Amino acid sequence: MDLFRPVRPFAEAVAQGAATCAAHPLRTALGALAIAAAVATLTLVQTAIEGLGTYALRNASRVFGSETFVVAQVASPGRTPRRELERKLTRNPAIRRSDVRYLESLAGDRVIYAASAQRTADVVSSGSSGSGGRRYENAAVTGTGALLPEIRDLGIERGRFFLPEEERRGAQVAVIGYDVAERLFPGSDPLGRSVRLAGRSFSVIGLQARLGTSGGVSLDRYVWIPLPAWERAFGVPPSLQVSARPPGEGAAGSSGFELAEDRARASMRARHGLRPGEGDDFDVLTPEAARGFVLNLARRIGAVAPLLGGMALLAAVVVVANTTLVSVAQRTFDIGVRRAVGATRGQIVREVLAEAALVTILGGLAGVLAAAGLVAALAGPLGLDLAVRPGTILFALGASAAAGLLAGWYPARRAARVQVVNALRPD
């Protein structure tokens, strides 16, 4: 019994298709190039969508904290419609230091809090060395609590964050971002040096690693100082923003996060004397809401991506179909000879389909390799967490093979209908 008998016709068709491709390298290259461009487009779009999702999760964790929520008078004023913002500013009372102390008194072992206030200000380096007098304009100067590093990852690369005792006495110490350090102290160690904020001198005790951007805003322009020192320099803030999370590193899980959020919400409602059924007069921003904008953008792009990929593949299918039709026209005599010596219509169809499929698969491989190379070349310098995933590669190659069968179907049918007498008739 011949176990390979069912496979042999397909193997012969592939061999014949490969021989035809090899005999006409320019025509094969043109068809493969069209498919390569389409597959590269498909791969890059899919990788970009996956990268946006990863970016949203990573940025929310970096900027916000994976198990962190924020209590504020208005949690995200930049994304709140104007009328809604005015309504909230009128209805919601400002959050003061006394409110934060009240929250801390009821926190128990379920929540840790750190209040923050922020404004932009120029930072100037101090000292008699060559770096003295350098200015970094519009730094994001944030006064906060010593527990903030336990709530979210600040990426302290060198040095340390300030201590609770330094927070209590309002010590004039600062942790600076990467861009601030590069501008004020180029080529030198900023630790132990001094910077001036609002005419006051602060000692640099910590340096953040390069964090990149979030929503187009640099995360490397921050200066962190104790909240009492911030208030001495800039005055009492209009309202505080309170970051919070359950204690521990991921051990609390979703239930711990929900308990912490419920405790904070109930404490704020009690502080403001709200009755059951009354709406909150404060905002609570969760990680899902913080990364929702980027995820929504990824979903919208994902809805358009199949259309873009489909259009690119359709154009490539037309190119491959045309080149395959040219191949069939040029091989009319050869097809007639093969039919005369016993080749069936099915064999001719399989050979033409194999030729078209080989062209598109070669183009698909080239497109995937080009896309992967481009992603690898851009990911490093731009600091992006991008990579072409195996699932994306398999999908792209499958799409290219399907495109080949589609492109080769009409030329194959036309080749199978060649009349032997007409094909062998001399011109």
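Residues numbered from 1 in each chain as written. Predicted model: local features only at pLDDT ≥ 70, side-chain atom pairs only at ≥ 80, totals over all residues. Heavy atoms only, no water.

J.: What should I look at first to understand the overall build of the protein in this one?
T.: A tally of regular secondary structure across the protein gives 14 helices and 12 strands. In the protein, buried positions account for 45% of the 427 residues. Put simply, the protein shows about 21,600 Å² of open surface, and 59% of that area lies on carbon and sulfur atoms. (Helix = DSSP H or I, 4+ residues; strand = E, 2+ residues; numbered from the N terminus. Buried < 20%, exposed > 50% of the residue type's maximum accessible area, 1.4 Å probe, protein only. Areas by Shrake-Rupley, 256 points an atom, 1.4 Å probe, with all protein chains shown as cover.)

J.: Help me out: how do you make sense of the side chain of Thr43 in this one?
T.: When you line up the elements, Thr43 lands in helix H2 (residues 25-64). In this structure, Thr43 is in contact with Val368, Ala371, Val388, Thr392 and Ala396, ignoring residues within four places of it in sequence. (Contact = heavy atoms within 4.5 Å.)

J.: Would you take a moment to explain the packing of aromatic side chains for this structure?
T.: Here a ring pair, both rings aromatic, is described through the centre-centre distance and the interplanar angle of the planes. Inspection of every chain in the model, using the stated rule, returns four aromatic pairs. For the ring pair Tyr222 and Trp224, a centre distance of 5.2 Å and an interplane angle of 15° mean the geometry is stacked. According to the relative accessible area criterion, Tyr222 is buried, its value standing at 16%. (Phe/Tyr/Trp six-rings, centres within 6.5 Å; stacked < 30°, edge-to-face > 60°.)

J.: Please clarify how the confidence of the model for the protein should be interpreted in this entry.
T.: If pLDDT is low for a region, its predicted coordinates should not be looked at in detail. In this model, the protein carries a mean pLDDT of 80, and residues with pLDDT of at least 70 account for 77%. Taken as a whole, residues 1-5 scores under 50 in pLDDT and shows one contact with residues more than four places along the chain or in a different chain. (pLDDT = per-residue confidence, 0-100.)

J.: Looking at this model, I keep getting lost on helix H4 (residues 97-105). Mind explaining?
T.: Turn by turn, an α-helix covers 3.6 residues, leaving residues three or four places apart pointing in a common direction. Where H4 is concerned, the buried positions are Asp99, Val100 and Leu103. For H4, the angular spread of the buried residues around the axis is 100°, confining them to a single face. (Arc of directions from axis to C-beta.)

J.: Explain the nonpolar core to me, please; I cannot follow it from the model alone.
T.: The tendency in soluble globular proteins is for nonpolar side chains to be buried side by side. Counting 42 residues, the largest nonpolar core has Phe69, Val71, Tyr113, Val141, Ile176, Val223 and Ile225 as the members making the most contacts within it. Not counting residues within four places of it along the chain, the set of residues in contact with Ile225 comprises Val141, Thr142, Gly143, Thr144, Phe162, Val173, Ala174, Leu197, Phe202 and Trp230. Counting residues in each nonpolar core, the second largest holds 17 residues, with Ala34, Ile35, Val39 and Ala356 among its members. (Core = buried A, V, L, I, M, F, W, Y, C linked by side-chain atoms within 4.5 Å.)

J.: Quick question: what am I supposed to make of the pattern of salt bridges here?
T.: Any two side chains of opposite charge can pair, given that their charged atoms come close. A full pass over the atoms with the stated rule returns 13 salt bridges. The salt bridge partner of Glu86 is Arg82, with a shortest N-O separation of 3.3 Å. Of this pair, Glu86 and Arg82 are both found in helix H3 (residues 82-91), four residues apart, which corresponds to roughly one turn of the helix. Exposure remark for Glu86: the relative accessible area of 42% places this residue in the partly exposed category. Judged by relative accessible area, Arg82 falls into the exposed class, the value being 58%. Its salt-bridge partner being Arg158, residue Asp189 comes within 2.8 Å of it at the nearest N-O pair. Of the two residues, Asp189 sits in the loop between helix H7 (178-184) and strand S6 (194-197) while Arg158 sits in strand S4 (residues 156-159), which places them 31 residues apart along the sequence. According to the relative accessible area criterion, Asp189 is partly exposed, its value standing at 37%. Connected through shared salt-bridge partners, Glu261, Arg265, Arg269 and Asp280 make up one network. (Salt bridge = Lys/Arg side-chain N within 4 Å of Asp/Glu carboxyl O.)

J.: Explain a nonpolar patch on the surface to me, please; I cannot follow it from the model alone.
T.: Residues Ile361, Leu362 and Leu365 make up a contiguous nonpolar surface patch of roughly 250 Å² in combined accessible area. Within the secondary structure, Leu362 sits in helix H12 (residues 345-382). (Patch = residues over 30% accessible without salt bridge, like charges linked within 9 Å, V, L, I, M, F, W, Y side chains within 5 Å.)

J.: In this structure, what is going on with unusual backbone geometry? I would like to understand it.
T.: Excluding glycine, a negative phi dihedral is what most residues carry, and trans is how most peptide bonds are arranged. You will see that Asn138, though not glycine, has its phi angle at about 55°, which is positive. By the element assignment, Asn138 lies in strand S3 (residues 135-144). Given the relative accessible area of 45%, Asn138 is considered partly exposed. Not every positive phi belongs to a glycine, and Ala198 is a case in point at roughly 50°. Its place among the elements puts Ala198 in the loop between S6 and strand S7 (200-208).

J.: How do you make sense of the pairing of strand S10 (residues 222-226) when you look at a structure like this?
T.: Most of S10 sits inside the fold, with five of its five residues counted as buried. Strand direction decides the pairing type here: S3 and S10, joined by five bridges, are parallel. Looking at the pairing, Thr144 lines up with Pro226 of S10. Pairing geometry for strand S5 (residues 173-176) and S10, over two bridges, is antiparallel. Bridging from a neighbouring strand, Ile176 pairs with Val223 of S10. (Pairing = 2+ DSSP bridges.)

J.: How should the side chain of Asn92 be read in this particular structure?
T.: The topology assignment puts Asn92 in the loop between H3 and H4. Asn92 gets classed as buried once you look at its relative accessible area, which sits at 2%. Within the local environment of Asn92, its side chain forms a polar contact with the backbone oxygen of Gln73, the two atoms lying 2.8 Å apart. In this structure the side chain of Asn92 is engaged in a polar contact, spanning 2.7 Å, whose partner is the side chain of Arg91. In this structure Asn92 touches Gln73, Asp280, Asp281, Phe282 and Asp283, once residues within four positions along its chain are discounted. (Polar contact = N/O pair within 3.5 Å; in protein donor to acceptor, adjacent residues only side chain to side chain.)

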